[in-house]
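Each chain, letter by letter, is given below.
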Amino acid sequence: MSGFDIKDPKLAEGGRLRIEWAEREMPVLRSIRERFAKERPLSGVRISACLHVTTETANLMRTLQAGGADVVLTASNPLSTQDDVAAALVNVFEIPTFAIKGEDNVTYYKHLRAALDHQPHLTMDDGADLVSTLHKERRDLLSNVLGGTEETTTGVIRLRAMAADGALAFPIIAVNDALTKHLFDNRYGTGQSTIDGIVRATNVLLAGKVFVVAGYGWCGRGLASRARGMGSNVIVTEVDPLKALEAVMDGYRVMPMTEAAKIGDIFCTVTGDINVIDRHHFELMKDGAIVANSGHFNVEINIPALEELSQGKRLVRPFVEEYTLKDDRRIYLLGEGRLINLASAEGHPASVMDMSFANQALSVEYMLKHHAELEKKVYSVPEVIDQEIARLKLESMGIEIDTLTPEQIQYLNSWEEGT
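What you see is a predicted model; the values in this text were computed from it and never measured.

With that settled, consider the packing of helix 2 (residues 27-39) against helix 16 (residues 383-396). Their axes nearest at 9 Å, the elements helix 2 and helix 16 cross at an angle of 110 degrees. The orientation of helix 2 with respect to helix 16, classified from their angle, is roughly perpendicular. Seen along the crossing, helix 2 lies across helix 16 with a hand that is right-handed. Contacts between helix 2 and helix 16 involve Pro27, Val28 and Ser31 from the first element and Ile389, Leu392, Lys393 and Ser396 from the second.

Applying the stated rule across the entire model yields three aromatic pairs. When the ring of Phe184 is compared with that of Tyr188, the centres are 6.1 Å apart and the planes differ by 40 degrees; the resulting orientation is tilted. Placement of the pair is Phe184 and Tyr188 together in helix 8 (residues 179-202), with a separation of four residues, close to one helical turn. Sitting over the ring of Trp218, Arg221 keeps its end group 4.2 Å from the ring centre.

Moving on: the sheet that holds strand 1 (residues 46-51). The sheet built from seven strands is open, its strands ordered 3-2-1-4-5-6-15 with parallel pairing. In the strand order of this sheet, the two ends are held by strand 3 (97-98) and strand 15 (378-380), each with one partner. Sheet analysis places strand 1 next to strand 2 (residues 70-75), joined by six bridges and oriented parallel. Counterpart to Ala49 in the pairing with strand 2 is Leu73.

Inspection of the entire model under this criterion finds 33 salt bridges. In this structure, Glu365 engages Arg35 in a salt bridge whose closest nitrogen and oxygen atoms are separated by 2.9 Å. Here Glu365, found in helix 15 (residues 350-370), pairs with Arg35, found in helix 2; they are 330 residues apart in sequence, far enough to count as distant. Arg35 sits in the partly exposed class, given a relative accessible area of 27%. Among the salt bridges present, the one from Glu283 reaches Arg279, with a minimum N-O distance of 3.6 Å.

Parameters at a glance
Sequence order sets the numbering: in each chain, residues are counted from 1 along the sequence as written. Local features in this predicted model are restricted to residues of pLDDT 70 or higher, and side-chain atom pairs are both shown and tallied only at a pLDDT of 80 or more, whereas totals for entire chains, interfaces and linings draw on every residue. Computation of side-chain values: all heavy atoms of the structure, hydrogens and water removed. Structural elements are reduced to axes, namely lines fitted to C-alpha atoms, with helices fitted over the stretch in contact, and the angle between N-to-C directions of any two is expressed from 0 to 180 degrees. Under the DSSP-based scheme used, a helix requires at least four consecutive residues in state H or I and a strand at least two consecutive residues in state E, with every element numbered from the N terminus. Roughly parallel here means an angle under 35 degrees, roughly antiparallel means over 145, roughly perpendicular means 65 to 115, and every remaining angle is called oblique. It is the rotation of the near helix from the far one that decides the hand of a crossing: anticlockwise by less than a right angle makes it left-handed, clockwise makes it right-handed. Contact definition: two residues touch when any of their heavy atoms are within 4.5 Å. Under the pairing criterion, centres of Phe, Tyr and Trp rings, with the six-membered ring standing for Trp, must be within 6.5 Å; the plane angle then separates stacked pairs below 30 degrees from edge-to-face pairs above 60, leaving the rest tilted. Criterion for a charge above a ring: Arg CZ or Lys NZ at most 6 Å from the ring centre, at most 35 degrees from the ring normal. One requirement defines pairing of two strands: DSSP has to find at least two bridges between them. Counted as salt bridges are all cases of a side-chain nitrogen of Lys or Arg within 4 Å of a carboxyl oxygen of Asp or Glu. Exposure classes here rest on a 1.4 Å probe applied to the protein chains alone. A residue is buried below 20% of its type maximum, exposed above 50%, and partly exposed in between.

Structure, rendered in structure tokens:
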């Protein structure tokens, strides 16, 4: 095994037990791992993965390893690593891992470069930092790269921008585009895990609070639904008229952030854009407002502006910073503005990541087979993979569905029969 950089190897046994616990809720990925172990479709392939280092990710790494891949893992966010999992990956499963919870930006990028030193044939990214660094700093490695995958909305946006500029040097499969990913992971996973992170960090009662959700994409839909389910009075802010209209029709109050800022108790951004909560919003917030982010990068909240408005700050609880403004109002920032569901909680439940990471594993297999046919752009997950994952998930849940009869198939494929 090549080098690694983790917090404490002695945490490995606890990490192993939690990885095994997560595996119980990941039957689709387990079935893929069993097939991979027999067929070894990834033999001789080097994969550099930049993902949140969680129990679920560990099971994906085990699946790729079972398929014959030579895998190296680094963290995709400085606060998302579970140190016991990183230790288990290194000491139990012999997968080189470069990840320490709370690492600074210098260490974060040092770890990205260590993963690139693996000279990958395939990249696996969550947020596109690995691919971006590869294109900026290690262009000497690009000729070896056959293709890659991208896990999340933010990364897909960045990669499509690269492709539009003609900068992308190899094809990427956007795992986030799979229906079995964003319809479930983004909605149910982000919804539940974000609430979990906010509650673990603050221990506040959500019932009766005004909860402001910035963004009504799939993540925002899930978060708004879960916040309402906990008894919050939910407000949605949006820039897209169609999504705003959908939020209204779903029963939420919709208004600009400048209006929501005056009345909100808890704010959470899930947009993928910069400065969604900005200086002029902080100036309007009431004393005690709680501000969090569940988008991939810590740019959705303008933290430098909050610093400038403040006369002091202190850590009042783990992952809770109290900013005292110059007029003595207090604003509470959670998890340094990073992904709160991974900063103070454990990320998405394993059962939903089962489908997301099944998409990753099968997309890697597909890319290896078809990379020569693909252009240097971003592709959606093939529908056949999406359908197979949904079928396997239903099968694992003991749920059967109907199948079309030959007569029904013929009717659907015909234009001649009408009323």
